Amino acid sequence: MTTWYHEDEVCWVADCEICMVPMVVWKRHGAEPSEDEVAHMLDRLSRVAAARFGEGGYDLDQVMRQIPDHFHAHARDPHWWSRRFGGALR
């Protein structure tokens, strides 16, 4: 079970089961939400990421690698890769 942070009519924010960082997912299916919807989703993701990693302690990654046809974005801290795949806790 993953940590769930936020849900509204546009999106939800939870930890990604693969990389274990917060991600936002558009509730509608498709890869091209409106500019207003993207701004809304990135704002919600940024709020969660700032609470978890501190202001400026993360980057937003909007590259949809594994699911290219459904908009989502990740908030990645500098240590996410080593923490998730290398076993180092930070």
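Presented here is a report on the structure given in the accompanying data block. (Residues numbered from 1 in each chain as written. Predicted model: local features only at pLDDT ≥ 70, side-chain atom pairs only at ≥ 80, totals over all residues. Heavy atoms only, no water.)

Below, the discussion takes up the overall build of the protein. Secondary structure assignment for the protein yields 2 helices and 5 strands. Expected size for 90 residues packed as a compact globule is a radius of gyration near 12 Å; at 13 Å, the protein falls within 12% of this value. Counting only C-alpha atoms and orienting by the principal axes, one finds that the protein spans roughly 35 × 25 × 25 Å. Per-residue burial for the protein yields a buried fraction of 46% across its 90 residues. In the protein, 10 positive and 15 negative side-chain charges are present, and the distance between their average locations comes to 7 Å. (Helix = DSSP H or I, 4+ residues; strand = E, 2+ residues; numbered from the N terminus. Rg over C-alpha atoms; globule rule 2.2 N^0.38 Å. Buried < 20%, exposed > 50% of the residue type's maximum accessible area, 1.4 Å probe, protein only. Lys, Arg positive; Asp, Glu negative; His and termini not counted. Charge placed at Lys NZ, Arg CZ, Asp CG, Glu CD.)

Residues Ile-18, Trp-81 and Phe-85 make up a contiguous nonpolar surface patch of roughly 340 Å² in combined accessible area. Along the chain, the position of Ile-18 falls in the loop between strand E2 (11–15) and strand E3 (22–26). Overall, the relative accessible area of 43% leaves Ile-18 in the partly exposed class. (Patch = residues over 30% accessible without salt bridge, like charges linked within 9 Å, V, L, I, M, F, W, Y side chains within 5 Å. Areas by Shrake-Rupley, 256 points an atom, 1.4 Å probe, with all protein chains shown as cover. Salt bridge = Lys/Arg side-chain N within 4 Å of Asp/Glu carboxyl O.)

Along the chain, His-74 turns up in strand E5 (residues 72–76). A polar atom in the side chain of His-74 sits 3.5 Å from the side chain of Arg-76. Apart from residues no more than four positions distant in its own chain, His-74 is found in contact with Cys-16, Cys-19, Val-21, Pro-22, Met-23, Leu-45, Asp-59, Leu-60 and Asp-61. (Polar contact = N/O pair within 3.5 Å; in protein donor to acceptor, adjacent residues only side chain to side chain. Contact = heavy atoms within 4.5 Å.)

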